[in-house]
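Topology and contacts: notes
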Amino acid sequence: MQAGRQANGGPGDRLWLCSQTSSVQAFRVVTASKHRQVARRAADGGSVQATLETTEAPPRGPPPSAPVKQESEVRVVDIGPDTFSLRGYSQDRLKFEIEYNLKRGTTNNSYLIQAQDGTALIDVPDQAWTDAFVEQLKTKVGIDDITYLILGHFSPKRADSLVALLKERSSNAPPLKVHCSNPARNALLELDNKEPGLTEKLDIKVAKAGDQLDLGGGHQLRFFLTPTPRWPDGMMTYDAASKILYTHKLFSAHVASENDFDRGGWEAFGVDWKYYFDCMLAPVARQAAAALEKLPIAAQIKGVSYAGLRGVEIVKADAKFISQVLRSFLKLPEGEPAAAEGVIVVKALAPIHGPVVRSTVTELVREYREWTAAQIQLATEASIAVIYASAYGNTAALAQAISRGVSKAGVSIETVNCEQSSASEVAEIVSRSDGFVVGSPTLGGHMPTPVQLALGAILKDPDARAKPCGVFGSFGWSGEAVDELEQRLKDGGFDFAFPAIRCKFKPTESMLQTCEESGTDLAQAVRKANTRARKSKEKTATSLASSAVEQAVGRVVGSLCVLVSRDGDAESAMLASWVSQASFNPPGLTVAVAKDRAVEGLVLEGGRFTLNVLGQDNAGKVSKQLLKPFKPGEARLQGLETQETESGGVVLNDAIAYLDCMVKSRMETGDHYVLYAIAENGKLQNDRVLTAVHYRKTGARY
Ligand SMILES: Cc1cc2nc3c(=O)[nH]c(=O)nc-3n(C[C@H](O)[C@H](O)[C@H](O)COP(=O)(O)O)c2cc1C
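Residues numbered from 1 in each chain as written. Predicted model: local features only at pLDDT ≥ 70, side-chain atom pairs only at ≥ 80, totals over all residues. Heavy atoms only, no water.

1. Describing the confidence of the model for the chain
For clarity, the cut-off: Think of pLDDT as the predictor's per-residue confidence, scored from 0 to 100. We call two residues in contact when some of their heavy atoms are within 4.5 Å.
Counting all residues, the mean pLDDT for the chain is 80, and 79% of those residues have values of 70 or more. Low pLDDT (under 50) marks residues 1–71, which in the prediction has 173 contacts with non-local residues, meaning those over four places away or in another chain. Contacts of residues 299–307 to residues separated by more than four positions or lying in other chains number 24 contacts, the stretch itself having pLDDT below 50.

2. Things to note about the pairing of strand β11 (residues 176–180)
To keep it simple, the criterion reads: Exposure is judged per residue with a 1.4 Å probe applied to protein chains only, and the accessible area is read against the type maximum: over 50% gives exposed, under 20% gives buried, and values in between give partly exposed. The way it works is that DSSP assigns letters per residue, a run of H or I at least four long becomes a helix, a run of E at least two long becomes a strand, and they are numbered from the N terminus. When DSSP finds two or more bridges between a pair of strands, those strands are recorded as paired. The handedness rule is simple: strands pointing away from the viewer, and a clockwise path from the first strand over the helix to the second, make the crossover right-handed.
In terms of burial, β11 is largely enclosed, as four of its five residues are buried. Of the pairings in the sheet, the one linking strand β10 (residues 146–150) to β11 comprises three bridges and is parallel in character. In the strand pairing of β11, Ile 150 is matched with His 179. With helix α3 (residues 156–168) bridging β10 and its parallel neighbour β11, the resulting β-α-β unit is right-handed.

3. Observations concerning the environment of Gln 581
Within the secondary structure, Gln 581 sits in strand β25 (residues 579–583). Ignoring sequence-local partners within four residues, the contact set of Gln 581 consists of Gly 588 and Leu 589.

4. Quick notes on the sheet that holds strand β16 (residues 244–248)
What counts, and what does not: Axis geometry follows a simple rule: fit a line to the C-alpha atoms, using only the stretch in contact for helices, then measure angles between N-to-C directions, giving values from 0 to 180 degrees.
Strand order in this open sheet of five strands is β13-β14-β15-β16-β17, and the pairing throughout is mixed. Because the sheet does not close on itself, it has two edges, and the strands there are β13 (212–214) and β17 (348–351). Averaged over all pairs of adjacent strands, the angle between strand axes in this sheet comes to 20°, irrespective of strand direction. When strand β14 (residues 220–225) meets strand β15 (residues 235–239), the two strands line up antiparallel, connected through five bridges. In the strand pairing of β15, Leu 221 is matched with Asp 239.

5. A few points about the packing of aromatic side chains
Heads up, the condition is: Stacked, tilted and edge-to-face are the three classes assigned to paired rings of Phe, Tyr and Trp, where Trp is represented by its six-membered ring and a pair needs centres within 6.5 Å; plane angles under 30 degrees give stacked, over 60 edge-to-face, the rest tilted.
Overall, the coordinates contain nine aromatic pairs when judged by the stated rule. Here Phe 251 and Tyr 368 contribute two aromatic rings whose centre-to-centre distance is 4.4 Å and whose plane-to-plane angle is 50°, an arrangement assigned as tilted. Of the two residues, Phe 251 sits in the loop between β16 and α6 (265–281) while Tyr 368 sits in helix α9 (residues 361–381), which places them 117 residues apart along the sequence. Residue class for Phe 251 comes out buried when judged on its relative accessible area of 0%. Relative to Trp 273, the ring of Trp 266 lies with its centre 5.5 Å away and its plane at 45°, an arrangement referred to as tilted. Residue class for Trp 273 comes out buried when judged on its relative accessible area of 0%. Taken together, Phe 251, Trp 266, Phe 269, Trp 273, Phe 277, Tyr 368 and Trp 371 form an aromatic cluster joined through their ring pairs.

6. Digging into the packing of helix α2 (residues 130–140) against α3
Our working definition: Orientation is classified from the angle alone, with under 35 degrees giving roughly parallel, over 145 giving roughly antiparallel, 65 to 115 giving roughly perpendicular, and any other angle giving oblique. Less than a right angle of anticlockwise turn of the near helix away from the far helix marks a crossing as left-handed, whereas a clockwise turn marks it as right-handed. Each residue gets one of three labels, nonpolar for Ala, Val, Leu, Ile, Met, Phe, Trp, Tyr, Cys and Pro, charged for Asp, Glu, Lys and Arg, and polar for the others, Gly among them.
Closest axis-to-axis distance for the α2/α3 pair is 9 Å, and the angle between their directions is 40°. The angle between α2 and α3 falls in the class oblique. Every pair of crossing elements has a handedness; the one defined by α2 and α3 is right-handed. Contacts from Thr 130, Phe 133, Val 134, Leu 137 and Lys 138 in α2 reach Asp 160, Ser 161, Ala 164, Leu 165 and Glu 168 in α3. Among the residues making up the contact of α2 with α3, the classes are represented as five nonpolar, two polar and three charged.

7. A few points about the environment of Pro 351
Inspection of the secondary structure assignment puts Pro 351 in strand β17. The class of Pro 351 is buried, set by a relative accessible area of 0%. Spatially, the C-alpha atom of Pro 351 lies 9.4 Å from that of Met 236, the residues being 115 residues apart in sequence. Residues contacting Pro 351, with those up to four places away along its chain left out, are Asn 109, Tyr 111, Thr 247, His 248, Leu 250, Phe 251, Ser 252 and Val 356.

8. Focus on α6
Filter applied, for reference: One less than the residue count of a helix, multiplied by 1.5 Å, gives the span that helix is expected to have. Each residue is assigned a bend, namely the angle between axes fitted to the seven residues that terminate at it and the seven residues that start at it.
For α6, with 17 residues, the first-to-last C-alpha span of 21 Å runs short of the 24 Å given by 1.5 Å per residue. Taking the largest bend as the criterion, α6 deviates by roughly 30°, centred on Val 271. Of the residues making up α6, those classed as buried are Gly 265, Phe 269, Gly 270, Asp 272, Trp 273, Tyr 275, Tyr 276, Phe 277, Cys 279, Met 280 and Leu 281.

9. Concerning the sheet that holds strand β27 (residues 608–613)
One open sheet accounts for seven strands, arranged β24-β23-β27-β30-β31-β26-β25; its pairing is antiparallel. Every interior strand has two partners, whereas the edge strands, β24 (570–576) and β25, have only one. Strand-to-strand twist in this sheet, taken as the mean axis angle between neighbours without regard to direction, amounts to 35°. Relative to strand β31 (residues 672–684), strand β26 (residues 588–594) is paired through seven bridges, and the arrangement is antiparallel. Bridged to Thr 590 within β31 is Tyr 676. Taken strand by strand, helix α15 (residues 619–627) contacts β23 (561–567) and β24, and its axis lies near 125° from that of β24.

So, in structure tokens, the structure goes:
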């Protein structure tokens, strides 16, 4: 048993810089083992400068609450051929679990493969298990005999365990060969800041997609790079001999079950797997889906007896089995090779937290595919960015509870830890989100620099103002960070979906409840805003689309004319501008006549009309006459001088040209008839005046 090293709302091993221009303050919080305070304050022309290295009293007010003692232990379990898990158990909720509300403890798993050509350790645990881990590891293998270290993820929280491991290695032991992703390598190089020269004990090889490592005896390891924004260094490892896929965060669960495997299946662990997914992976669902795609997981091998088999023999047994399955599936004749290349047959999933999954592999993989797909679908509808920083996990716990509330309302979340994301990444995420929340602890009377930078990026985005938002944060005594967040967003004209959440130190259950409900409120506000925006967008799009077409159509101009038709003693006239030449031979033209025009009944096929082309000089006067309302039967050309053509057509003296036409055909076109008429007679009366045209603002009306 070992006392944990997690801080809780108190000082830890992080570096925060809080600054503001008028009063610059810098605080460096160093590891819990260093109980010293070097505080320096210098007043210089009204500005204050302070450097703090402390685990004791912070600069103002009462000290934060003391670290909670954690009990943890490590158990070694045989999980496959030459393979063991070192399972760090804790019934308590550790720091990373504060973000996680199901209080079922957790396990932190590392794995050991003792193959004929080398021993590989997969992952090192969080610092809470360092001592117990090293102790248990030594019961299985001499520390100098560990050839390889494979890292699915590496963070400062795991540094203590690696440092302890390296310290146990004798000075003449060869460097530990590390296989990891490039971001993990970068994190490893930081170890030298902790213990100068430590990385000399490492021989780091950056894994590329598909890289393999042969440990002998069939233990051919294959690496899959599976980065996510939250764990950019993510890497999975598959062992061909044991058929175990080491999945790190995927398929994890925070549950300290006595059961090392998933005995009890979905019933026993379904809730934990789903809860872990919702809390940890839903925000990175797109990348989780990409990771799943990279893994051509075929099926769990069933029906193969491994009794008495070891190493290569197991691989051969599986290959034979796969071949048989494929052969029968593809209906291949005996002797035809059935290639199963590239397919990963998984017997067990070995995650970083929770049980090793053996009996539920197929189901869990299938569920993961469905969960990620559902999350991605949600994200296309609406998403909320949850942006925060947290030194001791308290603000993170609030963020997690808000996220839960958001998810509950069916809106997807993108979590951004400001510490790990640049301001431009924050800006990008906010710009693609429909709403956002920002959370910050108060440290030294301010929000820490990463939050300040994130806030700056948000304030700069003019579109962010339209997005519902909220602020939250944990504090100890003065809580300036949330005040400042709230004020600056308020000043920027942002709309809050819920009142600012201020939490003293560690959140209580009722505080988490408030957060969850606030998250739901925010999600609902986002949905409402989206519906409003969608409706107005549709409206604008319709009007934009139609006005674009209409404007273009409006430029398709014809001459402004007066069409006059007579049949016996019936006479009618109308202004016509949808006039166009339609044929050379015979000289033909089209005129569109609205179906409700009085003249329509006179211009049937075979009917006659005279088209009077107006000039720019007097089109206004003539149009005015034709556009006024007429009583039924009222003479429309009253007051205009006319003359009659040989064929009985009516010519306006003001027209610059006229055409005597016969309707050859008539086509129904929506709310108009289009007449195709042959010009049988005509004359240009005035060649000094240009034809009048009717420019319209829209194609929706004349
Ligand atoms: C170095 C240090 C400085 C702090 N300064 C303040 C402060 O000025 N005002 C305040 O209200 N709380 C202060 N606190 C208390 C933290 O805000 C509190 O512990 C909070 O729960 C931390 O939230 P977190 O877990 O999200 O980091 C300080 C804590 C530490 C360790």
